[in-house]
Amino acid sequence: MAIEDLISSVPTGLWIGGEERQAASTFNVLDPSDDQVLATVADATAADAVAALDAACAVQAEWAATAPRKRGEILRSVFEKITERADDVAALMTLEMGKVVAESKGEVAYGAEFFRWFSEEAVRIAGRFTPAPAGTGRILVTKQAVGPCYAITPWNFPLAMGTRKMGPAFAAGCTMIVKPAQETPLTMLLLAKLMDEAGLPKGVLSVLPTSDPGAVTTALIDDGRLRKLTFTGSTGVGKALVKQSADKLLRTSMELGGNAPFIVFDDADVDAAVDGAILAKMRNGGEACTAANRFHVANSVREEFTDKLVKRMSEFTLGKGIDPASTLGPLINSKQVATVTELVSDAVSKGATVAVGGVAPGGPGNFYPATVLADVPADARILKEEIFGPVAPITGFDTEDEGVAAANNTQYGLAAYVYTQSLDRALRVAEGIESGMVGINRGVISDAAAPFGGIKESGFGREGGIEGIEEYLDTKYIALTR
């Protein structure tokens, strides 16, 4: 489909109660490769948020009472619809977010999988029936849908960060309002249209693009009818949302920032480690909360690892994501380019060496090259702050204990990566690392069938796996007489 036809096929109004509605004002969505306007979309207000919650509440009881098999069949239909339109969804995502098309296609496959996985989990919501230990009666435990939910999703994975929340919510019998990031609302709006075509009942999903997220969010959180808030984004915003939600004691799930260590031990297969490093660092152009943020490499293999990583990083071709020749697209905006530039400059000023890249090319678009920093000192900000860009800072260690200590030297705990050929060491280190997820000899760990989430200041709650649906279920105990 031609780009113009693709853009024109996307709803650009508010999606409330399964229907497109216009708003009093609009805002522009920009192509990060040249900052040109892609589309103009409706700008939701607090009043629109209340209207969306009205729609969600109107069908909540009916949706929760829908047979689990029926809910599962609808989710399976959504999976098939997304798969059928995969090329269009991927192209749209590339246009508004910037990642190369191959990355977008990977996200479409991953994002759609949450609907297939949770279509199968919808019929496996279990309870239990047991005699009371004292012999006085029976204990019946059942699970019920939490109720209307509000999801706030980020710009870096415009499809998957929404489907990871919608899949389990809808499987559990919850309705949901989604506020996509201002930078990337088009993918979510197209998804809403596809879900409607796949048979999702009207009112179960609303999508509210907005340039004033504070007003929309406050209107929903302060409304006593909302039952759950789920957020993916920065730790700072997550903390503020938890505080804001406390007054209503909303159930919350927070998938927040990361500072993933990538540890290469002296017994690692260095070539395999470099392959994994490319995947863990450069997936999504480095704009991922699970991206390897700092590389702790045993000094005995550090030079070899650095040389081989530099060679691989130098092979990336910077360009527009929609260009088939590009292997690295732009960052999301000029602010992110400035952030990455500042972190690299700080590291260099403290003694780090730029082995490749390190300078934004300038000109139109928000580009930054694949970069490797060697000999990064311990006090460099880039080892402490989330980069969200294609920069790999490398530092060394001597002993296993030093490597683990360096990995844990952060307030975050989302993902970690370990390369070693020793099973004993792999298990020992995985248990010792303070992280919600650990990849052993692999650079990609996300899987719809696995629980995704972190500890410490990376948040709480899990998305995906059999654990994911529990976030959208309340447990009810019914006491029965003997």
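By the naming in an unreviewed UniProt entry, the protein is NAD-dependent succinate-semialdehyde dehydrogenase, taken from Mycolicibacterium peregrinum. According to UniProt, the comment filed for the protein under the heading Sequence similarities (unreviewed entry) is "Belongs to the aldehyde dehydrogenase family."

Colleague: Tell me about the pattern of salt bridges, and name the residues and values.
Modeller: Tallying each qualifying case throughout the model produces 29 salt bridges. The closest approach of N and O atoms between Arg164 and Glu255, which form a salt bridge, is 3.1 Å. Of this pair, Arg164 sits in helix α6 (residues 160-172) while Glu255 sits in strand β11 (residues 251-255), and the two are 91 residues apart along the sequence. A single salt-bridge network, built from bridges that share partners, covers Asp266, Asp267, Glu400, Arg425 and Arg428.

Colleague: If you had to explain the UniProt feature "active site" (unreviewed entry) in the protein to someone new, which residues and values would you point to?
Modeller: In this structure's numbering, the residues bearing the UniProt feature "active site" (unreviewed entry) are Glu255. Here Glu255 falls in the buried class, since its relative accessible area comes to 4%. Leaving out residues up to four positions away in the same chain, Glu255 has contacts with Met161, Arg164, Phe231, Thr232, Gly233, Cys289, Leu414, Phe452, Ser458 and Glu463.

Colleague: Which residues make up empty space enclosed by the protein, and what values do they have?
Modeller: Overall, the coordinates contain eight cavities of 30 Å³ or more when judged by the stated rule. Around the largest cavity sit 13 residues that line it, and Lys99, Asn284, Gly285, Leu328 and Gly329 are the ones nearest its centre. Its residues assigned to classes, the lining of the largest cavity comprises five nonpolar, five polar and three charged. Residue assignment places the lining of the largest cavity across two domains, with domain 1 (3-256 + 458-481) and domain 2 (260-440) each supplying three or more.

Colleague: Which residues make up the domain arrangement of the protein, and what values go with them?
Modeller: Examined at the domain level, the protein breaks down into domain 1 (3-256 + 458-481) and domain 2 (260-440). For domain 1 and domain 2, the distance between their C-alpha centroids amounts to 31 Å. Taken over both partners, the interface formed by domain 1 and domain 2 buries close to 2000 Å², and the fraction arising from carbon and sulfur atoms is 58%. Together, Ser33, Trp155 and Ser458 form the three largest contributors to the area buried by domain 1 at its contact with domain 2, with a combined 25%. Note that Asp34 and Lys320 form a salt bridge whose closest N and O atoms lie 3.3 Å from each other.

Colleague: So what's going on with the nonpolar core? Which residues, and what values?
Modeller: Of all hydrophobic cores here, the largest spans 108 residues; its most connected members are Met166, Phe170, Phe262, Phe305 and Leu309. It is helix α7 (residues 186-197) that contributes the most residues to this core, eight residues altogether. Counting contributing residues per domain, this core is built from domain 1 (3-256 + 458-481) and domain 2 (260-440), each supplying no fewer than three. Here Leu309 is in contact with Val274, Ala277, Ile278, Val372, Ala392 and Ile394, once residues within four sequence places are set aside. Within the second largest apolar cluster, 23 residues are counted, among which are Leu14, Ile16, Ala42 and Tyr150.

Colleague: Could you give me a rundown of the side chain of Thr210, with the residues and numbers involved?
Modeller: Structurally, Thr210 can be placed in the loop between β9 (205-207) and α8 (213-221). Taking the relative accessible area as the measure of exposure, Thr210 reaches 1% and is therefore buried. At 2.9 Å, the side chain of Thr210 forms a polar contact with the backbone oxygen of Ala44. Excluding residues within four positions of it along the chain, Thr210 makes contact with Phe27, Asp43, Ala44, Lys179, Gln182 and Val216.

Colleague: Now, about α8: what can you tell me, with residues and values included?
Modeller: Buried within α8 we find Val216, Thr217, Ala219, Leu220 and Ile221. Looking at the packing, one finds that the buried side of α8 touches α2 (46-65), β7 (149-152), β8 (176-179), β10 (228-232) and α9 (235-245).

Colleague: Go over the packing of helix α5 (residues 101-121) against α6, please, and point to the residues and values.
Modeller: Where α5 meets α6, the closest approach of the two axes is 8 Å, and the angle between their N-to-C directions is 5°. What the angle tells us is that α5 and α6 run roughly parallel. From α5, Glu107, Tyr110, Gly111, Phe114, Phe115 and Phe118 reach across to α6, where they touch Ala160, Thr163, Arg164, Met166, Gly167, Pro168 and Ala171. Of the residues in the contact of α5 with α6, the class split is eight nonpolar, three polar and two charged.

What counts and how
Residues numbered from 1 in each chain as written. Predicted model: local features only at pLDDT ≥ 70, side-chain atom pairs only at ≥ 80, totals over all residues. Heavy atoms only, no water. UniProt positions renumbered as here; feature names shortened; annotations may be inferred. Salt bridge = Lys/Arg side-chain N within 4 Å of Asp/Glu carboxyl O. Helix = DSSP H or I, 4+ residues; strand = E, 2+ residues; numbered from the N terminus. Buried < 20%, exposed > 50% of the residue type's maximum accessible area, 1.4 Å probe, protein only. Contact = heavy atoms within 4.5 Å. 1 Å grid on protein atoms, 1.4 Å probe; cavity = no way out; pocket = protein on both sides within 12 Å on 5 of 7 lines; lining within 4 Å. Points joined across faces, edges and corners; volume = space filled by probe spheres on them. Nonpolar A, V, L, I, M, F, W, Y, C, P; charged D, E, K, R; others polar. Domains from an automatic or database assignment. Buried area = accessible area lost by both parts, 1.4 Å probe. Core = buried A, V, L, I, M, F, W, Y, C linked by side-chain atoms within 4.5 Å. Polar contact = N/O pair within 3.5 Å; in protein donor to acceptor, adjacent residues only side chain to side chain. Axes fitted to C-alpha atoms, helices over the stretch in contact; angles between N-to-C directions. Parallel < 35°, antiparallel > 145°, perpendicular 65-115°, else oblique.

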